[in-house]
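Each chain, written out:
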Amino acid sequence: MPLPLDPVIEKIIPLLPLRDPAVMTPQSARDSLRALADARAAVPPPPVDRVENIEVKGGAGKLAARVYRNGTSKAPTVVFFHGGGWVAGDLETHDRQARNLVIETGAVVISVDYRRPPETRFPGAFEDAFAATRDVIARINEFGGDLSRLGVAGDSAGGNLAATTALACRDAGIKLAAQLLVYPVTDVTGNFADAAENAKFPSRAENAEGYFLSRATMEWFSGHYLADKAQGADWRVSPLRAKSLAGLAPAVVTTAWFDPLRDEGVAYAKTLQAAGVPVKYHPGEGLIHGYFGLGDASEAARAEAQRARADFRVLLEREV
């Protein structure tokens, strides 16, 4: 039997934002995520040697980005995409996640602030993610990174962007060492509103509400990202729908047991494995969507996130 919901997280859930799509607006979603980050301002962030705000090339112009690193020697390089349902989230809301990634992998991390819907709809965020990755590759020496140890990473919608960027890199002949997909969105077909599509992933019903991220909120996010529901079958937003996953970079895939996205994450990990891609999978028992940001409060969340980052570090150390 899987572990029960972590009691520490159970107490935190009522305090978390983005739980009522009936009244949520894009601006209120952004404000609430930023307020959650600001509420921890008194807690010193995980220390890294250097943090620098820069710009990288996106799909239609320059994007804000942030470089994190420890030391000065050549290191693996990770392009990181924040979560927030494509609509919310930014460099600030995911600052601590980026820092932990640096500390626990030894990599140079470049966090990218892609364009968000509804101002820029699909495929804008995907195009930004891929363009930013190509720009980082072109400027790898500037960051002190190592082109032979390049990875992509992200959580939730950012995990979706990391997965689709990995696909685009494969198709463009770009070799990645690894991908870290943290409770990723992998299949938006039906916009989380189609009963037949939802039935393919029982977690969408089992965890439809009550555990922070709800199925209804995912429907809200998808509706803002996609201008047309038919776009949900496009691999650039639904990597599980790609014709083939063969030849992709080795992956670390994490899910959370009490998360409507759990089963599509499991399906993606299994499909990667079936295509011959090495996969390390972490089920996130007892945890909810967003647990990578709850490590300061929950030991269970911190330990699971650390296990995933440790596996990612091993993959990044392999030269390709």
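See the structure shown above.
Residues numbered from 1 in each chain as written. Predicted model: local features only at pLDDT ≥ 70, side-chain atom pairs only at ≥ 80, totals over all residues. Heavy atoms only, no water.

Check the secondary structure of the protein and you find 11 helices and eight strands. Expected size for 320 residues packed as a compact globule is a radius of gyration near 20 Å; at 18 Å, the protein falls within 12% of this value. Taking the principal axes of the C-alpha coordinates as reference, the protein spans close to 50 × 45 × 40 Å. Going through the 320 residues of the protein one by one, you find that 59% of them count as buried. Counted over contacts in the protein with a minimum sequence separation of 6, partners at least 24 positions apart contribute 79%. For the protein, the exposed area adds up to about 12500 Å²; of that, 53% sits on carbon and sulfur atoms. For the protein, the centre of its 36 positive side-chain charges and the centre of its 39 negative side-chain charges are spaced 4 Å apart. (Helix = DSSP H or I, 4+ residues; strand = E, 2+ residues; numbered from the N terminus. Rg over C-alpha atoms; globule rule 2.2 N^0.38 Å. Buried < 20%, exposed > 50% of the residue type's maximum accessible area, 1.4 Å probe, protein only. Contact = heavy atoms within 4.5 Å. Areas by Shrake-Rupley, 256 points an atom, 1.4 Å probe, with all protein chains shown as cover. Lys, Arg positive; Asp, Glu negative; His and termini not counted. Charge placed at Lys NZ, Arg CZ, Asp CG, Glu CD.)

With that settled, consider the layout of surface pockets. The volume enclosed by the largest pocket comes to roughly 1000 Å³. Lining the largest pocket are 45 residues, with L36, R40, T93, G293 and L294 positioned closest to its centre. Listing elements by their share of the lining of the largest pocket, those giving two or more residues are α2 (26-38), α3 (95-105), α9 (215-225) and α11 (299-316). In terms of residue count, the dominant contributor to the lining of the largest pocket is α3 (five residues). For the lining of the largest pocket, the per-class residue count stands at 22 nonpolar, 13 polar and 10 charged. Empty space within the second largest pocket amounts to approximately 180 Å³. (1 Å grid on protein atoms, 1.4 Å probe; cavity = no way out; pocket = protein on both sides within 12 Å on 5 of 7 lines; lining within 4 Å. Points joined across faces, edges and corners; volume = space filled by probe spheres on them. Nonpolar A, V, L, I, M, F, W, Y, C, P; charged D, E, K, R; others polar.)

Let us look at the packing of aromatic side chains. Aromatic ring pairs are reported here in terms of the distance separating the ring centres and the angle at which the planes meet. Going through the model one piece at a time under the given rule, you end up with nine aromatic pairs. Summarising the aromatic geometry, the rings of F126 and W235 are spaced 5.6 Å apart at their centres and angled 80° between planes, so their arrangement reads as edge-to-face. Of the two residues, F126 is situated in helix α4 (residues 124-138) and W235 in the loop between α9 and β7 (251-254); the sequence distance between them amounts to 109 residues. Owing to a relative accessible area of 28%, W235 belongs among the partly exposed residues under this scheme. Site record: aromatic cluster; members linked through ring pairs are W86, F122 and Y225. (Phe/Tyr/Trp six-rings, centres within 6.5 Å; stacked < 30°, edge-to-face > 60°.)

Bringing the sheet that holds strand β1 (residues 50-57) into the picture now. On the basis of which strands lie adjacent, the open sheet formed by eight strands has the order β1-β2-β4-β3-β5-β6-β7-β8 and mixed pairing. Two strands lie at the open edges of the sheet, namely β1 and β8 (279-282), each paired on one side alone. For this sheet the average axis-to-axis angle between neighbouring strands, irrespective of direction, equals 20°. Inspection of the sheet shows strand β3 (residues 75-81) paired to strand β5 (residues 145-155) by seven bridges, in the parallel sense. Within the sheet, the bridge partner assigned to V79 lies in β5 and is V152. Relative to the sheet, α3 contacts β1, β2 (62-69), β3, β4 (108-112), β5 and β6 (178-182), its axis offset from that of β2 by approximately 45°. Lying over the sheet, α4 contacts β1, β2, β3, β4 and β5, oriented at roughly 115° with respect to β1. (Pairing = 2+ DSSP bridges. Axes fitted to C-alpha atoms, helices over the stretch in contact; angles between N-to-C directions.)

Before going further, it helps to spend a moment on empty space enclosed by the protein. Applying the stated criterion across every chain yields a total of one cavity of 30 Å³ or more. The computed volume of the largest cavity comes to approximately 60 Å³. Lining the largest cavity, in full, are F80, Q97, L101, A153, G154, D155, L180, V182, F292 and R309. When contributions to the lining of the largest cavity are tallied by element, the ones reaching two or more residues are α3, β5 and β6. Ranked by the residues each element gives to the lining of the largest cavity, the list is headed by β5, at three residues. Here the residues of the lining of the largest cavity are counted per class, giving six nonpolar, two polar and two charged.

With that settled, the discussion passes to the side chain of T105. Here T105 is to be found in helix α3. The exposure class of T105 is buried, given its relative accessible area of 0%. Here L101 takes part through its backbone oxygen, which lies 2.5 Å from a polar atom of the side chain of T105. Among the polar contacts listed, one links the side chain of T105 to the backbone nitrogen of A107, at a separation of 3.2 Å. Other than its neighbours up to four places away in sequence, T105 contacts R309, F312, R313, L316 and E317. (Polar contact = N/O pair within 3.5 Å; in protein donor to acceptor, adjacent residues only side chain to side chain.)

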